[in-house]
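Chains, contacts and geometry: an overview
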Amino acid sequence: MPSFQHLLLKQLLTAAASPLARRKPSVAAMRAAMEAGALFQFMPWHVHLESLKVDNRLEAEWLRPRGAHPTRVLLYLHGGGYVLGSLNTHRSMVGSLAQRCGLNALTINYRKAPDHPFPAALDDAKRAYRWLLRQGHRPHDIVVAGDSAGGGLALALLLALRDAGDMMPAAAVGLSPWTDLNLPMTALRRVAREEGLLLEALQMRTWGPLYARKTPLVHPLLSPAQADLHGLPPLLIQVSSAEVLYEDVLKFVDKARAAGSKVTLQPFEGLVHWWHLFWRVVPEARQALDKVAGFVEQVWDAADAAPVALPVVERRQTVERRRAA
């Protein structure tokens, strides 16, 4: 059963639905409200902030916990339906996640719709990943993560890297990822009445088309659930049974597993979308972030225990030397 703190949060969100539905706030108004709310989100102790620009053009931040691993990093892509969210709105939660994982986290302020439709956000995610490689971070020392639309963007990044023949990161984490932009109204009403009311009030069904613009919503880099999901690194997916995205996420997990990709699904019961953001007050959020840290630790424990794979040429030379001996 959800905690008292979560039940209170859910009541507050439900109470906000009716006024929002009457006013039909614009994207600009919703962005301003989120930024105002971010003023009350404070960084965890002993996590240091460093602002930068990736390739001198993409706003980003390093969140550096004390005692973080010297080479392994977390690349985090924030959520917000591809139209909302920023470094400010997610800084506290990402800082907490980085601290729990013992990793330095790079977060980026990727471009958003409607001003910058697809593939702007994906291009920025690829830019950040490749910048990390140029900074000397090896692909198997990088974990990519994101929540909601950021989770969908993280999955799209994996697909784009795979199709381009690039080296893949060690793993990826999707916190309630938006895997299919074609979100029917029936899903809003059937899966979670309270959340559906709020998301209808925020006109969430318009956000996907704003990002896609002229690209069909079924494009695999917009809706990863529509893609061929073979050859992906280990995935962790967290989702709540009370979320509008729940059924689509389960379909994505089943499809990825059928394609041979390793997926760890961690379901939660009765929690609202974006519960992770409320980690300071909702115990289920802290539990979820701890589970992410446990997954990341297991991924690298397995990698450290595995034999080192030599490049093809080096393996051939080793075999020839053995034969000569």
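Refer to the structure presented above.
Note that this is a predicted model, so its numbers are computed, not measured.

1. A short note on the pairing of strand β1 (residues 47–54)
Note that β1 and strand β2 (residues 58–65) share eight bridges and pair antiparallel. Its bridge partner lying in β2, His-48 is registered against Arg-64. The antiparallel hairpin formed by β1 and β2 contains three residues in its connecting segment, where Asp-55 sits at a positive phi of about 55°.

2. Observations regarding the pairing of strand β4 (residues 104–108)
For a regular strand, the rule is simple: side chains alternate between the two faces of the sheet. Within β4, five of the five residues are buried, which leaves the element mostly enclosed by the surrounding structure. For β2 and β4, the ladder comprises four bridges, and the chain directions are antiparallel. Residue pairing across strands places Glu-61 opposite Thr-107, the latter belonging to β4. Direction of pairing for strand β3 (residues 73–77) relative to β4: parallel, over a ladder of four bridges. By the bridge assignment, Leu-75 is partnered in β4 with Leu-106. Regarding topology, helix α3 (residues 87–101) serves as the crossover connection from β3 to the parallel β4, and that connection is right-handed.

3. So, the pattern of salt bridges
Applying the stated criterion across every chain, the model contains 13 salt bridges. Note that Arg-31 is salt-bridged to Asp-115, the shortest N-O span being 3.7 Å. Of the two residues, Arg-31 is situated in helix α2 (residues 27–38) and Asp-115 in the loop between β4 and α4 (120–134); the sequence distance between them amounts to 84 residues. A relative accessible area of 54% means that Asp-115 is categorised as exposed. Across the pair Arg-138 and Asp-141 runs a salt bridge, and its minimum N-O distance is 2.9 Å. Ionic contacts of the salt-bridge type, sharing partners, join the residues Arg-72, Arg-138, Asp-141 and Asp-304 into one network.

What counts as what
Residues numbered from 1 in each chain as written. Predicted model: local features only at pLDDT ≥ 70, side-chain atom pairs only at ≥ 80, totals over all residues. Heavy atoms only, no water. Pairing = 2+ DSSP bridges. Helix = DSSP H or I, 4+ residues; strand = E, 2+ residues; numbered from the N terminus. Buried < 20%, exposed > 50% of the residue type's maximum accessible area, 1.4 Å probe, protein only. Right-handed = clockwise from strand over helix to strand, strands pointing away. Salt bridge = Lys/Arg side-chain N within 4 Å of Asp/Glu carboxyl O.

Just distances and angles here, no functional claims.
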